[in-house]
Structure formats: structure tokens, C-alpha cells
Amino acid sequence: MRNRRIGILALQGDFALHGVSLRAAGAETVDVRVSRQLDDLDGLVIPGGESTALLKLMEGTDFFEAIRGFHDRGGALYGTCAGVILLASRVGSPAQPSIGLLDVDIQRNGYGRQVDSFETSVPVPLLGDPPLPMIFIRAPVIRSVGAGVEILAELRGRPVMVRSGRILATTFHPELTPDTRIHRLFASMCAPVGRGRCVASVGGSVLR
Ligand code: GLN
């Protein structure tokens with residue numbers, strides 16, 4: 001079986017370190033700067049950074065439709081921090097456009113300003129011991145999730161890691177820690193696609 005080929009949206013933000021973690025997880029990585037590069041991928045990471053800057057850089061491109069089409073064809077998506085804001089179906093503080101594939105209600109900068117950024121460790125039952133180190137940088141808060149969204153970790157009563165079909169989302173930055181369990185999990189969610197095949201298991205049922 002060939003390695004998973006995973007793209008990292010490389011328009012802005014913390015894309016380089018995702019490449020390091022994904023390669024440590026055994027994946028081949030591609031920096032994605034134009035939407036046609038999605039045709040050849042099994043998964044895509046939308047990194048943290050600044051969602052307003054990402055939106056500006058996507059203006060006048062077909063990235064929104066291309067990412068929706070990639071997901072429809074069976075591509076897996078992983079959003080961190082600003083990446084989750086782009087994937088969310090509802091964004092607040094303030095409201096802004098989004099790709100809308102992940103059924104969550106999200107509030108930007110929900111933990112406060114830059115000085116309120118913090119590091120902690122949180123148990124993630126799916127990943128086993130030890131608790132996962134998490135770095136939150138002007139992170140958004142997920143205020144509510146839709147019925148099909150599985151909460152994989154919570155902090156202060158709010159979801160910080162969720163999964164919905166073949167979409168994974170974390171409001172923290174795992175690529176800034178040496179722990180590669182999240183990137184391994186995401187690589188395992190990526191099955192060969194683009195050539196019409198993808199197997200994603202959701203609650204025991206197999207999609208596609
Ligand atoms: N505060 C940023 C935003 O609203 C996200 C920060 C991050 O990705 N670390 O887009």
C-alpha cells in the first residue's frame with residue numbers, strides 16, 4: 001500500500017510544522033498553494049494562522065468549492081484553530097464566511113487575546129495515555145456541535161477536538177508539540193481518493 005498523500009494548505013499560518021509531524025506519521029506531504037493540487041491528494045490539513053488573512057488570500061480563488069468537491073470525492077480534512085474556523089458551518093465574533101462542512105458553531109478568539117494563550121494537557125480517550133499536550137493560541141471556542149459530530153476531547157466543558165465522518169478538527173496546535181498522535185490519527189482517516197475510493201468508518205457504518 002502506498003503512503004497517504006496529504007496536502008497542507010500553505011497560504012498562511014503554521015503549515016511547515018504540520019509537514020514535519022505528518023512525515024513522522026509516515027505520510028507523504030504536499031504544500032498546497034493552488035486548488036488543482038487537491039486532485040492528487042488523500043487528505044488536506046487547513047492549518048492555524050489567521051482566518052481573516054486566509055479568507056483574503058482565498059478571495060478570487062475557487063478554494064472553497066474545490067475543498068467541498070475534494071471532501072465529496074472522499075478526501076479527509078483536518079482543521080486546526082483558524083482551520084476549524086474555516087471549516088465550521090457557523091462562525092461568530094464576528095461572523096464571517098466559511099466552507100461550512102463541519103456542523104459546529106464556533107466563536108473566534110473565545111479564550112481571550114494573545115496574552116491569554118496557554119498550554120495544557122488533556123486526556124483524549126481515543127488516543128490513550130498519556131494526556132495530549134495542547135497549545136491554544138488565540139483559539140476559537142466551539143460553542144455547540146451538530147448531531148453527527150463526535151466530541152473527542154473537552155476542556156472547561158467545551159469541545160476542543162471533534163470528528164465528523166472524515167473531518168477532524170482541533171482548536172489547539174498539535175504540530176507545535178513533539179507528540180504525533182493526532183497526525184497519525186488523521187493519516188489513518190485518509191484513504192486513497194481522487195480515484196473514487198475512500199473508506200471512512202463512522203459509528204461502525206462504512207461510508208463509500
Ligand atoms: N484567532 C485566529 C482567528 O480568528 C486563530 C488563531 C490560530 O489559528 N492560532 O482566525
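The structure displayed is predicted, hence computed values, not measured ones. (Residues numbered from 1 in each chain as written. Predicted model: local features only at pLDDT ≥ 70, side-chain atom pairs only at ≥ 80, totals over all residues. Heavy atoms only, no water.)

## A few points about the environment of Asp 31
Then, number 1: Mapped onto the secondary structure, Asp 31 falls in strand S2 (residues 28–32).
Then, number 2: Asp 31 sits 22 residues away from Leu 9 along the chain, and the two C-alpha atoms are 6.2 Å apart.
Then, number 3: For Asp 31, the contacting residues outside a window of four places in its chain are Ile 8, Ala 10, Phe 15 and Gln 37. (Helix = DSSP H or I, 4+ residues; strand = E, 2+ residues; numbered from the N terminus. Contact = heavy atoms within 4.5 Å.)

## What to know about the site of the ligand
Then, number 1: Neighbouring the ligand are Gly 48, Gly 49, Glu 50, Ser 51, Cys 81, Ala 82, Ile 85, Arg 108, Asn 109, Ile 137, Arg 138 and His 173.
Then, number 2: At 2.7 Å, a side-chain N or O of Arg 108 approaches an oxygen atom of the ligand.
Then, number 3: Of the residues in the shell around the ligand, the class split is four nonpolar, five polar and three charged. (Near = heavy atom within 4 Å. Polar contact = N/O pair within 3.5 Å; in protein donor to acceptor, adjacent residues only side chain to side chain. Nonpolar A, V, L, I, M, F, W, Y, C, P; charged D, E, K, R; others polar.)

## Here we look at the pairing of strand S6 (residues 102–107)
The side chains of a regular strand alternate between the sheet's two faces.
Then, number 1: Across the two faces of S6 the burial differs, with Leu 102, Val 104 and Ile 106 buried and Asp 103, Asp 105 and Gln 107 not buried at all.
Then, number 2: Where strand S5 (residues 88–92) and S6 come together, four bridges link them in parallel fashion. Bridging from a neighbouring strand, Arg 90 pairs with Asp 105 of S6. (Buried < 20%, exposed > 50% of the residue type's maximum accessible area, 1.4 Å probe, protein only. Pairing = 2+ DSSP bridges.)

## Notes on the sheet that holds strand S9 (residues 141–145)
Strand-to-strand pairing in sheets goes through backbone hydrogen bonds, with the strands running parallel or antiparallel.
Then, number 1: As summarised here, the arrangement of the three strands in space is S5-S6-S9, forming an open sheet in which the pairing is mixed. Lying at the two open borders of the sheet, with one neighbouring strand each, are S5 and S9. The average angle at which neighbouring strand axes cross in this sheet is 25 degrees, direction not considered. (Axes fitted to C-alpha atoms, helices over the stretch in contact; angles between N-to-C directions.)

## Here's the deal with the packing of aromatic side chains
What characterises a pair of aromatic rings is the spacing of the ring centres plus the angle enclosed by the ring planes.
Then, number 1: The full count for this structure, using the stated rule, is five aromatic pairs.
Then, number 2: Pairing Tyr 111 with Phe 136 gives two aromatic rings, centres 5.5 Å apart and planes at 55 degrees, and the pair type is tilted. Residue Tyr 111 is found in the loop between S6 and strand S7 (118–122), and its partner Phe 136 is found in strand S8 (residues 132–136); the two are separated by 25 residues along the sequence. The burial state of Tyr 111 is the same as that of Phe 136; both residues are buried.
Then, number 3: Consider the rings of Phe 118 and Phe 136, whose centres lie 4.7 Å apart with planes at 10 degrees: the pair is stacked. Linking Phe 118 in strand S7 with Phe 136 in strand S8, this pair joins segments that are 18 residues apart in sequence. Accessibility classification places Phe 118 together with Phe 136 in one group, the buried group.
Then, number 4: Taken together, the ring pairs in this structure connect Tyr 111, Phe 118, Phe 136 and Phe 172 into an aromatic cluster.
Then, number 5: The aromatic ring of Phe 118 is capped on one face by Arg 156, whose charged end is 4.6 Å from the ring centroid. (Phe/Tyr/Trp six-rings, centres within 6.5 Å; stacked < 30°, edge-to-face > 60°. Lys NZ or Arg CZ within 6 Å of the ring centre and 35° of its normal.)

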